[in-house]
Structures are given as C-alpha cells and as structure tokens.
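Residues per chain are reported as follows:
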Amino acid sequence: MYTQALNTNPDSGERQLEDAGLAARFQARVDAEERIEPNDWMPAAYRRTLTRQISQHAHSEIVGMLPEGNWLTRAPSLRRKAALLAKVQDECGHGLYLYAAAETLGSSREELVDQLLSGKAKYSSIFNYPTLTWADIGAIGWLVDGAAIMNQIPLCRCSYGPYARAMIRVCKEESFHQRQGYEIMLTLSRGTPEQKEMAQDALNRWWWPCLMMFGPPDAASLHSDTSTLWKIKRFSNDELRQKFVDATVPQARILGLSLPDPELRLDEESGHWRYGEIDWDEFKQVIAGNGPCNRERLAARRKAHDEGEWVREAALAYAQKQRGKALAA
Ligand code: FAQ
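Predicted model, so just to flag it, every value in this text is computed and none were measured.

Criteria and cut-off values
Residues numbered from 1 in each chain as written. Predicted model: local features only at pLDDT ≥ 70, side-chain atom pairs only at ≥ 80, totals over all residues. Heavy atoms only, no water. Helix = DSSP H or I, 4+ residues; strand = E, 2+ residues; numbered from the N terminus. Rg over C-alpha atoms; globule rule 2.2 N^0.38 Å. Buried < 20%, exposed > 50% of the residue type's maximum accessible area, 1.4 Å probe, protein only. Contact = heavy atoms within 4.5 Å. Areas by Shrake-Rupley, 256 points an atom, 1.4 Å probe, with all protein chains shown as cover. Salt bridge = Lys/Arg side-chain N within 4 Å of Asp/Glu carboxyl O. Near = heavy atom within 4 Å. Polar contact = N/O pair within 3.5 Å; in protein donor to acceptor, adjacent residues only side chain to side chain. Nonpolar A, V, L, I, M, F, W, Y, C, P; charged D, E, K, R; others polar. Arc of directions from axis to C-beta. Lys, Arg positive; Asp, Glu negative; His and termini not counted. Phe/Tyr/Trp six-rings, centres within 6.5 Å; stacked < 30°, edge-to-face > 60°. Lys NZ or Arg CZ within 6 Å of the ring centre and 35° of its normal.

### Focus: the overall build of the protein chain
Within the protein chain, the secondary structure is distributed over 12 helices and two strands. The order of helices and strands in the protein chain, counted from the N terminus, is α-α-α-α-α-α-α-α-α-β-β-α-α-α. The C-alpha radius of gyration computed for the protein chain amounts to 22 Å, which stays within 12% of the reference 20 Å derived for 329 residues, consistent with globular compactness. In terms of its C-alpha atoms, the protein chain occupies a principal-axis envelope of roughly 70 × 60 × 35 Å. Counting only residues that meet the buried cut, the protein chain has 47% of its 329 residues in that class. Residue pairs in contact within the protein chain that sit at least 24 positions apart in sequence constitute 77% of those at least 6 positions apart. Of the roughly 16700 Å² of accessible surface on the protein chain, a fraction of 57% belongs to carbon and sulfur atoms.

Structure (structure tokens):
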C-alpha cells in the first residue's frame with residue numbers, strides 16, 4: 001500500500017523520481033487486478049478522472065429521478081405507482097452511494113453538488129428528454145436502465161474499490177428497474193391498438209438518445225485511453241453500444257415493436273446488429289445544455305437544493321448535538 005503522505009516537497013527532483021516509482025508501482029497493481037483503495041497512492045489524474053466520472057454518475061442518478069417523478073402521481077394503478085416509487089427511491093440511493101464513493105477521493109459533497117448546480121459538471125444526456133406519456137416510463141425502464149446496466153456491469157470490476165463495490169448493488173437494483181420497464185412495455189404492446197401505438201411512439205423517441213448514453217464514438221472519446229489503461233473502463237463506448245443493440249433488438253421483436261432505424265440489419269458474419277448513423281450534433285447540443293429539458297432539469301434541482309437548506313442545517317445541528325452528548329458521556 002502506498003499512501004498519499006509519501007508525496008513530499010512538490011518541486012524537488014527527488015519528488016519526481018519518487019512519483020515515477022510510485023506511478024510504476026500503481027500501474028503494476030492495476031495490471032495485476034488489485035483494487036486501489038482511498039488511502040493508497042494514486043496519480044493525480046486518476047483521482048481527477050474518477051472524481052469526474054463518479055460524481056457525474058451520481059448527478060445522473062439524482063437528475064434521473066425527475067423525468068420519472070413526473071409520473072408518480074399519474075401511474076395507472078396502485079401496483080404501478082408502488083413499483084415506480086420504489087425505483088425512484090433506489091435512484092436516490094444510488095446517487096448517495098456514488099457521492100459517498102466520490103468523497104473518498106477527497107472532494108466534498110457540497111463541492112460536487114455545486115458543480116452540478118452551476119452547470120459545470122455534466123450528467124447523462126438522456127435525462128434531458130421529456131416523459132410525455134405513461135409509455136415513456138416503460139421505455140425508460142427497458143431502454144435507459146438496460147443501457148445503464150450494460151455500462152455498469154463492467155464497472156463492478158473497476159480498479160477503484162469504492163466505485164466497484166457500489167456498482168454491485170446498483171446493478172442488482174437496475175435489473176429490477178429494467179424488468180419493471182419491460183413489463184410495462186409488454187402490457188401496452190399487448191393492449192389496445194392505442195396502447196400499442198403509445199408504446200411504439202415512446203420507443204421511437206427514446207431509442208436514439210439511449211444509444212447516445214454510451215458516450216461519443218471511440219475516435220472522439222477524450223478519456224477512454226487513460227481510463228482503459230487504469231482499468232476504470234473495461235469496454236469502449238462503441239463496444240458497449242453494440243452489446244446494447246444486440247441485446248435489445250430481440251427484446252423489441254418479442255414486444256412486436258419496431259426500432260426506428262431503417263438501416264438496422266443483422267450482419268450474418270459477425271452476428272452483430274448494425275445500426276444507422278447517430279445524430280452526434282444532437283448529442284453535442286444536449287451536453288452543451290441545449291437539449292429539450294436541460295434548463296427545466298437544472299431549475300428543478302436548484303429549487304430542491306434551496307428548499308432543502310433547512311433540512312441540511314437541521315441534520316447538521318442534530319449530528320453536532322449527538323456528538324456533544326457522546327463526548328460528555
Ligand atoms: N451524457 O471521453 P468520454 C442511469 C461526456 S445512470 C453526458 O467518452 P468517459 C441510471 C463525458 O463526460 C447514467 N455527457 O468520457 C438511471 C466527457 O465530458 P467531460 C449515467 C457525456 O467518461 C436510469 C465527454 O463527453 N451513467 O442511467 C455522455 O470516458 C434510469 C467525452 O466522453 C454513468 O455515468 C452522456 N451520455 O465515458 C437513473 C456511468 N457521454 O466529463 C434514472 C458511468 C459522454 O470531460 C433512471 N460513466 N459524455 O466534461 C461512464 O461510464 C462514462 O463516464 C461514460 C463516458 C461512458 C458515460
């Protein structure tokens with residue numbers, strides 16, 4: 001184990017030599033599939049990239065509650081409402097584990113949340129699309145959670161221990177989310193012609209944004225090379241996108257729904273479903289803050305943050321009081 005305390009005078013040549021040695025040992029540990037833990041020495045860039053990815057992942061879970069929260073009061077039955085409520089609460093829990101994992105890297109929760117609220121930190125592009133009908137809740141569970149699982153299963157083997165461990169529980173819960181979404185789609189697609197049409201319309205609107213969730217094409221990915229070297233990423237953006245398409249096409253067929261891509265075809269040789277061109281301009285617009293709901297989502301988060309200030313203050317005062325009691329005892 002190499003600790004941060006080994007970093008001495010930042011300007012000395014000795015420090016550089018020491019860092020080179022530490023960096024080599026760090027990489028050897030990663031290559032040997034050892035887990036890196038919070039108190040271990042790690043390169044500053046590894047710490048930065050993990051803080052960025054984990055906190056953006058946390059923000060995605062928290063902002064991701066908003067499109068579905070919109071339907072909690074309008075779920076078509078008590079059973080659907082209970083399942084959706086449980087799902088949205090799980091997402092909140094995922095955000096909390098992930099903020100806690102990011103905090104182990106040295107940034108405070110307040111700093112990370114400020115980055116979201118100020119628009120400096122990103123969150124997943126997918127949550128900037130509106131939920132227009134009940135079928136959108138089915139499409140989110142089936143496709144958005146399906147894409148999230150595809151991306152997150154490999155993160156259970158990420159080199160950073162706290163992130164990898166958080167992902168295990170998150171993935172188990174996402175798998176329930178995916179099934180609740182698919183079941184909604186199955187019910188609608190076997191229902192009246194209007195219900196089937198509603199399911200098809202939701203699929204048409206969510207399909208392409210879901211493919212964008214995996215990030216830019218490999219050639220345009222900024223962080224993939226280093227994240228792969230450090231075993232944060234185990235598969236590239238395009239590899240995971242392809243796995244998702246291959247898994248989802250047969251599911252759409254069972255539903256009797258068609259994917260909105262005239263170029264979709266099975267490549268017999270490779271066994272992969274080849275898909276048409278993704279609109280990367282739309283992706284860039286959405287991550288630049290100009291998607292259909294970006295402003296609405298951030299405004300909702302800012303309002304919740306402001307209105308929750310008294311709760312944070314009260315929780316802090318209570319914790320201080322408890323600590324005082326424990327010290328006095
Ligand atoms: N949206 O160099 P890369 C969920 C940014 S959780 C927005 O390829 P990287 C659960 C990227 O940050 C969904 N920005 O980046 C749920 C970078 O910008 P930066 C969230 C995106 O990190 C379900 C720039 O583009 N999941 O859905 C997106 O190596 C239902 C260059 O990209 C995670 O966060 C995007 N889609 O790979 C909740 C998983 N894609 O940071 C509610 C963890 C890329 O330099 C309801 N994250 N960018 O300013 C990851 O696996 C990776 O961060 C990737 C991106 C694969 C997302």
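From this point, things continue past the structure.
### Remarks on the pattern of salt bridges
One pass over the structure, following the stated rule, counts 18 salt bridges. Ionic pairing is found between E33 and K231, a salt bridge with its closest N-O pair at 3.6 Å. You can see E33 sitting in the loop between α1 (13-31) and α2 (44-69) and its partner K231 sitting in the loop between α8 (224-229) and α9 (237-255), a full 198 residues away along the chain. Assessed through its relative accessible area of 45%, E33 is described here as partly exposed. Close ionic contact of E296 with R297 constitutes a salt bridge, the shortest N to O distance being 3.6 Å. Here R297 falls in the buried class, since its relative accessible area comes to 5%. Through salt bridges that share partners, E68, K87, E91 and D145 make up one connected network.

### Digging into the site of the ligand
The full set close to the ligand counts 35 residues, and K122, S221, L222, H223 and K233 are the nearest of them. With respect to the ligand, the backbone of L222 contributes an N or O atom lying 2.8 Å from an oxygen atom. Interatomic distance of 2.7 Å between a side-chain N/O atom of K233 and an oxygen atom of the ligand. Considered on its own, the ligand offers 1100 Å² of accessible surface; in the complex 91% of this is hidden by protein. Secondary structure elements with two or more residues in the shell around the ligand: α2, α3 (78-103), α5 (135-152), α6 (161-189) and α10 (280-290). Of the residues forming the shell around the ligand, the biggest block, eight residues, is contributed by α2. Residues of the shell around the ligand, tallied by class, amount to 13 nonpolar, 13 polar and nine charged.

### Here's the deal with helix α4 (residues 109-117)
Listing the buried residues of α4 in full gives L112, V113, L116 and L117. Mapping the buried residues of α4 onto a view down its axis gives an arc of 135 degrees, with all of them on the same face. Tucked inside the fold, the buried residues of α4 contact α2, α3 and α11 (294-307). Phi turns positive one or two residues past the end of α4, at G119, with a value near 85 degrees.

### Some remarks on the environment of V245
Summarising the element assignment, V245 is placed in helix α9. Considering only alpha carbons, one finds V245 and P193, 52 residues apart in sequence, at a separation of 26 Å. Apart from the residues lying within four places of it in its own chain, the contact partners of V245 are W207, L211, L264, W273 and Y275.

### Section: the environment of Q200
Structurally, Q200 can be placed in helix α7 (residues 193-212). Accessibility expressed as a relative area gives 17% for Q200, which makes it buried. Along the primary structure Q200 and L259 are separated by 59 residues, whereas in three dimensions their C-alpha atoms are 8.5 Å apart. Ignoring sequence-local partners within four residues, the contact set of Q200 consists of L257 and S258. A polar atom in the side chain of Q200 sits 2.8 Å from the side chain of N204. Polar side-chain contacts of Q200 include one of 2.6 Å to the backbone oxygen of S258.

### Digging into the side chain of K233
Summarising the element assignment, K233 is placed in the loop between α8 and α9. Buried charge without a partner: K233 forms no salt bridge, and the closest opposite charge is D218, 6.6 Å away. A polar atom in the side chain of K233 sits 2.8 Å from the side chain of S224. Those residues within four positions of K233 in sequence are excluded, and the remaining contacts are S221, S224, S227 and T228.

### Focus on the packing of aromatic side chains
Across all of its chains, the model carries nine aromatic pairs by this definition. Geometrically, the ring pair formed by F26 and W41 is edge-to-face, given 6.3 Å between the ring centres and 75 degrees between the ring planes. Highlighted residues: F26 in helix α1 and W41 in the loop between α1 and α2, separated in sequence by 15 residues. As far as the burial class goes, F26 and W41 line up, both buried. For the cation-ring pair, K243 lies above F235, with the distance from its terminal atom to the ring centre recorded as 4.5 Å.

Remember, this is a structural readout, not a statement about activity or role.
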